[in-house]
Amino acid sequence: MSAMPSTVFLVDDDAAIRKALTRLLVAAGLDVRSFASPQAFLERHDPAVPGCLVLDVAMPGLNGLELQRVLAESGCNRPIIFLTGRGDVPMSVHAMKAGAVDFLTKPVADDVLLEAIHAALEKDRSTRRTHTELDSIKDRLATLTQREREVLKHVVSGQLNKQIAADLGTVEKTIKVHRGRVMAKMQVGTFADLVRAADRAGITTRETD
Amino acid sequence: MANNVLSSMANASEAVVPRLARAVSLTLRVLLVGLICFLGTEIGFAHKVPPHNISPLWPTVAILFSVLVVTPVRHWWAYVMAGYFTSLINDARAGFPLPSILFVIAGVLELLVAAVGVRLFAEGPRAFLRLRGVMVYLGIAVILAPFLSAFVAACAAQPDHYWFYWRVWFFSEALAYLTLAPAILTWIALAGRAWKPVFFANFLEAGVLCCGLIAVMITVFCSTAASDGRVPALVYLPLPFLLWAAVRFGPVGINTALLLVAFLSISGAVAGRGPFVVSSPDENVLSLQLFLIAIAVPLMLLAAVIREGREKTMILAESEARFRTMTDGAPMLVWMADADKRCSYFNKPWLEFTGRKVEQELGEGWAEGVHPEDLRRCLSTYGAAFDARERFQMEYRLRHRDGTYRWIVDCGVPRFSEGGVFAGYIGSCMDIADRKQVEEQRRELTHLARVAMLGEFSGALAHELNQPLTAILSNAQAARRLVTKEPPDLAELKTILQDIVDEDKRAGEVLRRLRLLLKKGEMAFDAIDVNQVATDVLDLAHADLASRCVAVNCQLASALPMVRGDPVQLQQVLLNLIGNACDAMTATETTMRRLTIATQRNEDSMVQIAVTDCGVGIPEETMSRLFDAFFTTKQQGLGLGLTISRSIVSAHGGRLWASNNAGRGATFFLALPSYNGEPS
């Protein structure tokens, strides 16, 4: 995957803070896009763009926590950093449990903020990477034939070729051929890698798909 | 029914007895008058001056006239009949000769004209107490009545003596009205009034006067005359005594004295003595009559004038005494100043209050007791009002005799003498120390309520301060990074610094508003824009409203008239209403929470602010107790917010009330009188 530059999405209803934070982050070398309200952010949101979200908690209309919920429901895993004017413990616990990366109080020092942002961007990149990998595994799985898929299932459950042949009603030689084709299609070198890939794809037990 | 008949019978029988008594007394009085008139006629006859037997003074008609003036009109016929009874008998015996009939008719005519005239225009028997009364009496009874009746009476004479008899009748009747009737009437009037205690000295003086007058009269008028054909100068000797009577004893004195003079001089003339016997009998009578008229008229007028003057003085003295009693007895402090601004009078309560002597306070001494902080304002208000000749009211502290200063309210009004001449000021002061204390307590309470309310908003206020601080920090830290770049972007840095300054001001503004609200000041009334107040309040409450997820709808009318009030206190009221509205909506779903602030101009030109929520509304049973002190439906809170809000609004001359909406929730209305910019 080509690495798109990560963007920091900033949502705060106070114009002065938006301007100041944008300046700070730009001076630190980041790419920033700011929005005055969660609705404005949602309208323009493209989940494919890598980056993290810096959110003010207390905003009229949809507030920060609710935006977090909306994004989670829509399946977007973009890391969120919360900024708040109050040091509210219950709120911060709630936010962290819902998956926020960090919960910072205003006024926020630049090093603290940047550290959190870098952590968030890193998390975002790794998530994307994982996602991308998973996608490619799934793509490869899709290229397997019905028979090959069956063989894969039996293989990763640890059965010997002989046993697999007996289960599937064919000879060992055929199984060996299928196995080789699966390894090639799945682009793995070792059996352990195949198991891992299958694991990642969610194929763990001998079930009918 | 039987009761009514019985009671009316009882009333009738009750009324019969006094009616009977009245009839009896009337009859007696009529008989008495008849007797007196008979005597008068006899005396008149006895005093006819030979040879024409002219009577210088005819008593009967004057007596009857006096009676008619003081009795009710419906009884007049009885008195007239009684008065003329004997003459009518005599006339009947003589077969009703025409002259007698004419005299009777003339007499009755004269009586009626004089009596009716004096009753209508000169207050009856009290005529002699006033100058105007005396003049009317002279005009109607002395001149007009005899004048008219003389025309009738003279018809009894032979045609060629008509004018002679006219003159005789006129003068003798006129003299009777001038000397006899006034005496009778004044004594009747005196008997009618309450007797003042007569001092022995007065009595003695009257006695001396009488004796002196009689002695003089007898000497001059009743002794044998000199026969040199001239009226001696001694004839004026009675004058000093008459003057004495007029000045010292008023109308009573002069009328009585004149009667004496008339009686004695006429007696003397009839007996052929005195100064009026030097010429022909007709001339004598005429001179005597003229003499008596000449001294009677001016002296009667003089007596009336003196009497009026005395009465005025008495009324003035009484008024003065009343004033003093009132000012010394009232609980107010009263002062008076002359036209030169210097004070000339302080009542007893004032002197007791300050514990000073009146000499110390007179002039400008009173100002020493005024509290030094109030002195300048006090003197300038006083001076300005004085120069404008307007009433004023001011409050200041005056030193009490125990050394402390107490607040008093001083109201002064200008006074003008007759003719509109400015005569100074009169003022009264009340001790308002208690009222001031209550006001101070109320101010304290309002302040405490405001501070407590701001405490509820404190979280939001902290947030308000936090925003600019955050912006400033991030800007500064951004600038720090940019400064290290090579080359530094000076334009960007300049913008950043400007933003920092702006944000600092923003924070300062929040703090300034907060400080204003926390200050415990006096109410500072000024012309304010209600829309501005509403906007400021919404700014202040903005963060709190946001954190409670309350959406605000602002409907501010344009071109609203200004209102006269204290912006801080009005903000307090609005904050209270907004806080209550938010509390009412805690049970409402967050997306449905809506607060509406609307300003408008009412039909009666009041400016109205409405705070509407969509919460739980106000239950009917609590509606009437909403503004009561210590009434609250909340878990926390004293229940004073609305009470204080209402008292603030009342102090602004406005109204605060609530009503439930047609749909959900309630609305609180605040109406304030508009202010057109003129000083109140």
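These figures come from a predicted structure and were not determined experimentally.

Engineer: What should I look at first to understand the overall build of chain A in this one?
Structural biologist: Across its full length, chain A carries 9 helices and 5 strands. The N-to-C order of helical and strand elements in chain A reads β-α-β-α-β-α-β-α-β-α-α-α-α-α. In chain A, the proportion of contacts linking residues at least 24 apart, taken out of those at least 6 apart, comes to 62%. A total accessible area of about 10600 Å² is found for chain A, and carbon and sulfur atoms account for 54% of it.

Engineer: Please clarify how the overall build of chain B should be interpreted in this entry.
Structural biologist: Each helix and strand in chain B was counted, giving 20 helices and 12 strands. The proportion of buried residues among the 680 residues of chain B is 44%. Long-range pairs, those at least 24 residues apart, make up 67% of the contacts in chain B between residues at least 6 apart in sequence. When the accessible area of chain B is evaluated, it comes to approximately 35600 Å², of which 63% is carbon and sulfur surface.

Engineer: Please explain helix H7 (residues 161-168) of chain A as it appears in this structure.
Structural biologist: Count 3.6 residues to each turn of an α-helix, and residues three or four apart come out pointing the same way. All names here are of chain A. Turning to H7, its buried residues are Asn161, Ile164, Ala165 and Leu168. One side of H7 holds all its buried residues, which, seen down the axis, span an arc of 100°. More than 90 degrees from the buried face of H7, the exposed residues found are Lys162 and Ala166. Tucked inside the fold, the buried residues of H7 contact helix H6 (146-156) and helix H8 (172-185). Of the residues one or two after H7, glycine 169 is the one with positive phi, at around 75°.

Engineer: What is the right way to look at the interface of chain B and chain A in this model?
Structural biologist: Reports of interface size often rely on the accessible area that becomes lost once the parts have come together. The interface is formed by 23 residues belonging to chain B together with 21 residues belonging to chain A. Taken together, the two surfaces of chain B and chain A that pack against each other cover about 2000 Å², and 51% of this comes from carbon and sulfur. It is Gln467(B), Thr470(B) and Arg481(B) that lose the most area in chain B upon contact with chain A, and together they represent 25% of the buried surface on that side. On inspection of chain B and its partner chain A, the count reaches 6 salt bridges. A salt bridge links Glu492(B) to Arg23(A); the nearest nitrogen and oxygen atoms lie 3.3 Å apart. Here chain B and chain A share 10 residue pairs in polar contact (both at pLDDT 80 or more) between them. If you list the elements that add at least two residues to the side of chain B that touches chain A, you get helix H15 (458-483), helix H16 (490-518) and helix H17 (530-547) of chain B. By residue number, the principal contributor to the side of chain B that touches chain A is H15(B), which donates 14 residues.

Engineer: Is there a simple way to explain the packing of aromatic side chains in this structure?
Structural biologist: For any pair of aromatic rings, geometry is given as the distance between the ring centres together with the angle between the planes. Residue and element names in this part refer to chain B. Tallied over the entire structure, the rule returns 32 aromatic pairs over all chains. When the ring of phenylalanine 128 is compared with that of tyrosine 137, the centres are 4.8 Å apart and the planes differ by 65°; the resulting orientation is edge-to-face. Aromatic rings pair up to connect Trp335, Trp366, Tyr382, Phe386, Phe392, Phe416, Phe422 and Tyr425 into one cluster. Seen from the ring of phenylalanine 627, arginine 646 lies directly overhead, with NZ or CZ sitting 3.8 Å from the centre. For arginine 655, the ring lying beneath its charged end belongs to tryptophan 657, and the centroid distance is 4.2 Å.

Engineer: Just checking my understanding: could you explain the environment of Phe630(B) for this structure?
Structural biologist: Residues and elements named next belong to chain B. By secondary structure assignment, the location of phenylalanine 630 is in the loop between helix H19 (620-623) and helix H20 (641-651). According to the relative accessible area criterion, phenylalanine 630 is exposed, its value standing at 59%. Each C-alpha atom, one on phenylalanine 630 and one on leucine 642, is 9.4 Å from the other, the two residues being 12 residues apart in sequence. Every residue in contact with phenylalanine 630, bar those within four places of it in the chain, is listed here: Leu638, Gly639 and Leu640.

Engineer: Is there a simple way to explain helix H18 (residues 567-584) of chain B in this structure?
Structural biologist: Counted at 1.5 Å a residue, the expected span for H18(B) with its 18 residues is 26 Å, and the 25 Å between its end C-alpha atoms agrees. Most of H18(B) sits inside the fold, with 16 of its 18 residues counted as buried.

Engineer: Even after reading the chapter, I still don't get the side chain of Asn255(B), so can you show me in this structure?
Structural biologist: One can find Asn255(B) in helix H9 (residues 238-270). The contact partners of Asn255(B), leaving out residues within four places of it in the chain, are Phe128(B), Thr179(B), Pro182(B), Ala183(B), Thr186(B) and Met300(B).

Engineer: Got a minute to help me understand the sheet that holds strand E11 (residues 655-660) of chain B in this structure?
Structural biologist: Two pairing modes exist for strands in a sheet, parallel and antiparallel, and in both the strands are linked by backbone hydrogen bonds. Residue and element names in this part refer to chain B. Read from one edge to the other, the open sheet built from 5 strands follows the order E7-E9-E10-E12-E11, with strand pairing classed as mixed. Two strands close off the open sheet at either side, each with one partner strand: strand E7 (551-556) and E11. In this sheet, neighbouring strand axes are inclined to one another by 15° on average, regardless of whether the strands run parallel or antiparallel. Bridge count between E11 and strand E12 (residues 666-673): 6 bridges; the pairing is antiparallel. Paired with alanine 658 across the two strands is phenylalanine 668, which belongs to E12. On the sheet, H17 packs against E7, strand E9 (594-601) and strand E10 (606-613) and is oriented at approximately 175° with respect to E7. Against the sheet, H20 touches E11 and E12, its axis set at about 130° to E11.

About the criteria used
- Residues numbered from 1 in each chain as written.
- Chains lettered and ligands numbered in written order.
- Predicted model: local features only at pLDDT ≥ 70, side-chain atom pairs only at ≥ 80, totals over all residues.
- Heavy atoms only, no water.
- Helix = DSSP H or I, 4+ residues; strand = E, 2+ residues; numbered from the N terminus.
- Contact = heavy atoms within 4.5 Å.
- Areas by Shrake-Rupley, 256 points an atom, 1.4 Å probe, with all protein chains shown as cover.
- Buried < 20%, exposed > 50% of the residue type's maximum accessible area, 1.4 Å probe, protein only.
- Arc of directions from axis to C-beta.
- Buried area = accessible area lost by both parts, 1.4 Å probe.
- Salt bridge = Lys/Arg side-chain N within 4 Å of Asp/Glu carboxyl O.
- Polar contact = N/O pair within 3.5 Å; in protein donor to acceptor, adjacent residues only side chain to side chain.
- Phe/Tyr/Trp six-rings, centres within 6.5 Å; stacked < 30°, edge-to-face > 60°.
- Lys NZ or Arg CZ within 6 Å of the ring centre and 35° of its normal.
- Expected span 1.5 Å × (residues − 1).
- Pairing = 2+ DSSP bridges.
- Axes fitted to C-alpha atoms, helices over the stretch in contact; angles between N-to-C directions.

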